[in-house]
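Close look at the chain arrangement
One-letter residues, chain by chain:
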Amino acid sequence: MVSPAIALAFLPFIVTLLIRYRHYLMLLYRAALVPWLRDRLTGTSREQRAFQYLLAHAIPGDPQHILQTFDQWCYHCEHLSCVGPDKGRIVERVLLERAPLRVLELGTYCGYGTVLLAQALPPGARLYTIEGDPRHAAVAEKVIRLAGFSEQMVSSRAQGNQGGGGWGSFAGSLLGLWHLLGSAHGTRKMLCHVDPSARCAAGRWVGTLHPAPATEGDAAQVELIVGPSEEVIPRLREKHGLVNANLVFMDHWKRSYLRDLRLLESHQLLAEGATILADNVLFPGAPHFLQYAKTCGKYHCKVHRASLEYFRAIPDGIAELRYTGTH
């Protein structure tokens, strides 16, 4: 038994820790404990609950209002690992400056980043977005459709099945703090389009991601690919027609950032002068990715400091890399 005197001696230290790390404890509560309890009580995932909230409160066909309603849910209900409004403005500013025509997103999750990217792309641009979890991709499909974009699912040949654990457990909620996506359940292609008259070319649906009427070929296009990024990236050129990307947005498993960046390099999928944006490089952090980007000699690297999505008191940042192609 611990004597009362010893317990009292440690009390100021414990109180200091609680005060100092109260924001991280609140994050643990909102991002792990609350979703786990609600998963058990409702039988639905927090991603599905977020979509139900969108159905009830968002204006269909308005991408900006969809994103704002997502933000309201995350601020006031349950935490989701989306890029959020503060860092979203950084992404939009880079898109405006670079005006990329070929964009690759790693980590679709619920579709927040996909809608953010697609509505800011110049006419004629194409967005390829990769999601490792079919359940998250199913929610993203609905979000994209609610934002005014119809969607067609086309099955493609499976690229293997590595299995994966359920996200309903408390451990899954803890991993959800860092948006650890990457379970492999085979690969499918989903090409989103808003124009119902979009043509089917070479057995694949090609359509537009643009809320306003536009002539075919004028608006940005998006392709949602479901599968593990380490298997999809080597096939992007052969299977999906991506010669190289002008901009890459990383918001998936942070430990996969460096691996996937090297895959993009080895398969020559980065255009000269390409921009790579990587979210959450400070919290939960991607130190090996940042070290490589700063020391390999292939990139000009800077970090845009911001706060963690929906937690202003927790510092975070987005890394912006400019690919020089030199060694």
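Residues numbered from 1 in each chain as written. Predicted model: local features only at pLDDT ≥ 70, side-chain atom pairs only at ≥ 80, totals over all residues. Heavy atoms only, no water.

1. Topic: the overall build of the protein chain
For clarity, the cut-off: Helix and strand definitions here come from DSSP, where helices need a minimum of 4 consecutive H or I residues and strands a minimum of 2 consecutive E residues; each element is numbered from the N-terminal end. Residue exposure (1.4 Å probe, protein chains only): buried if accessible area is under 20% of the type maximum, exposed if over 50%, otherwise partly exposed. Here a residue-residue contact requires only that any non-hydrogen atoms of the pair lie within 4.5 Å. Surface accessibility follows the Shrake-Rupley procedure with a 1.4 Å probe radius. Residue values consider only the protein chains on display as shielding.
Looking only at helices and strands, the protein chain features 13 helices and eleven strands. For the protein chain, with 327 residues in total, the buried portion stands at 52%. Residue pairs in contact within the protein chain that sit at least 24 positions apart in sequence constitute 73% of those at least 6 positions apart. Accessible surface, the protein chain: about 14900 Å² in total, of which carbon and sulfur atoms supply 58%.

2. A short note on the state of the cysteines
Rule in force here: To count as a disulfide, a pair of cysteine sulfur atoms needs to be within 2.5 Å.
Across all of its chains, the model carries zero disulfides by this definition. Between cysteine 301, a cysteine without a disulfide, and cysteine 296, which holds the nearest cysteine sulfur, the sulfur-to-sulfur distance is 9.2 Å. Under the relative-accessibility criterion, cysteine 301 is labelled partly exposed at 26%.

3. Here we look at the side chain of aspartate 251
Note the cut-off: Definition of a polar contact: a pair of N or O atoms within 3.5 Å, with one able to donate and the other able to accept a hydrogen when the atoms are protein atoms, and with sequence-neighbouring residues admitted only if both atoms are side-chain atoms.
The topology assignment puts aspartate 251 in the loop between β8 (245-250) and α11 (257-266). Judged by relative accessible area, which is 4%, aspartate 251 ranks as buried. A polar contact is formed between the side chain of aspartate 251 and the side chain of lysine 254, at a distance of 3.1 Å.

4. So, the pairing of strand β7 (residues 221-226)
Definition in use: Pairing between two strands is assigned when DSSP locates at least 2 bridges connecting them.
Within β7, six of the six residues are buried, which leaves the element mostly enclosed by the surrounding structure. The pairing of strand β2 (residues 126-131) with β7 spans six bridges and is classified as parallel. By the bridge assignment, tyrosine 128 is partnered in β7 with glutamate 223.

5. Re a nonpolar patch on the surface
Keep this limit in mind: Excluding any residue in a salt bridge, patches collect residues exceeding 30% relative accessible area, merging like charges within 9 Å and nonpolar Val, Leu, Ile, Met, Phe, Trp and Tyr side chains within 5 Å. Whenever a carboxyl oxygen of Asp or Glu lies within 4 Å of a side-chain nitrogen of Lys or Arg, that contact is scored as a salt bridge.
Judged by side-chain polarity, Ile6, Phe10, Phe13, Ile14, Leu17, Leu18, Tyr21, Tyr24, Leu25 and Leu28 come together as a nonpolar surface patch covering roughly 900 Å² of accessible area. Those elements that provide at least two residues to the nonpolar patch are α1 (4-20) and α2 (22-42). Here leucine 18 is to be found in helix α1.

6. Examining the packing of helix α5 (residues 84-98) against helix α6 (residues 112-120)
The condition that has to hold: The axes are straight lines fitted to the C-alpha atoms, using for helices just the contacting stretch, and the angles between their N-to-C directions are given from 0 to 180°. Crossing handedness: left-handed means the near helix sits turned counterclockwise from the far one by under a right angle, and right-handed means the same turn made clockwise. Residue polarity is assigned by list, with Asp, Glu, Lys and Arg as charged and Ala, Val, Leu, Ile, Met, Phe, Trp, Tyr, Cys and Pro as nonpolar; anything else, Gly included, falls into the polar class.
Closest axis-to-axis distance for the α5/α6 pair is 10 Å, and the angle between their directions is 35°. Crossing hand, α5 versus α6: right-handed. Mapping the contact onto sequence places Gly84, Pro85, Gly88, Val91, Glu92 and Leu95 in α5 and Tyr112, Leu116, Leu117, Gln119 and Ala120 in α6. Of the residues assigned to the contact of α5 with α6, the class counts are seven nonpolar, three polar and one charged.

7. Section: the packing of helix α3 (residues 46-57) against helix α7 (residues 134-146)
The cut-off we apply is this: Oblique is the label for every angle not falling under 35 degrees (roughly parallel), over 145 degrees (roughly antiparallel), or within 65 to 115 degrees (roughly perpendicular).
Taken N-terminus to C-terminus, the directions of α3 and α7 make an angle of 10°; their axes are 10 Å apart at the nearest point. Looking at the two axes, α3 sits roughly parallel to α7. Facing α3, whose interface residues are Glu47, Gln48, Phe51, Leu54 and Leu55, α7 presents His136, Val139, Lys142, Val143 and Leu146. When the residues that make up the contact of α3 with α7 are grouped by side-chain class, the tally is six nonpolar, two polar and two charged.

8. What to know about the side chain of arginine 30
How we decide: By the counting scheme adopted, Arg and Lys are positive, Glu and Asp are negative, and His together with the chain ends is not counted.
As for its placement among the helices and strands, arginine 30 is situated in helix α2. Here arginine 30 is buried and forms no salt bridge, its nearest opposite-charge partner glutamate 78 lying at an N-O distance of 8.5 Å. A distance of 3.5 Å separates the side chain of arginine 30 from the backbone oxygen of tyrosine 75, its partner in a polar contact.

9. Things to note about the pattern of salt bridges
Per the counting criterion, the structure on display carries 18 salt bridges. In this structure, the salt-bridge partner of glutamate 78 is arginine 49, at a minimum N-O distance of 2.8 Å. With glutamate 78 in the loop between α4 (63-76) and α5 and arginine 49 in helix α3, this residue pair connects regions lying 29 residues apart in the sequence. Here the two residues glutamate 78 and arginine 49 agree in accessibility, since each one is buried. Between lysine 298 and glutamate 265 there is a salt bridge whose closest N-O contact spans 2.9 Å.

10. Overview of the environment of glutamate 231
Position of glutamate 231 among the secondary structure elements: in helix α9 (residues 229-232). On the accessibility criterion, glutamate 231 (14% relative accessible area) is buried. Between the alpha carbons of glutamate 231 and glycine 132 there is a distance of 10.0 Å; along the sequence they are 99 residues apart.

11. With respect to the confidence of the model for the protein chain
Keep this limit in mind: Per-residue confidence from the prediction method is given by pLDDT, with values spanning 0 to 100.
Per-residue pLDDT for the protein chain averages 81, and the proportion of residues at 70 or more is 76%. Of the regions scoring below 50 in pLDDT, residues 150-190 engages in 124 contacts with residues more than four places distant in sequence or in other chains. Every residue in residues 192-217 is under pLDDT 50, and counting partners more than four places away or in other chains gives 59 contacts.

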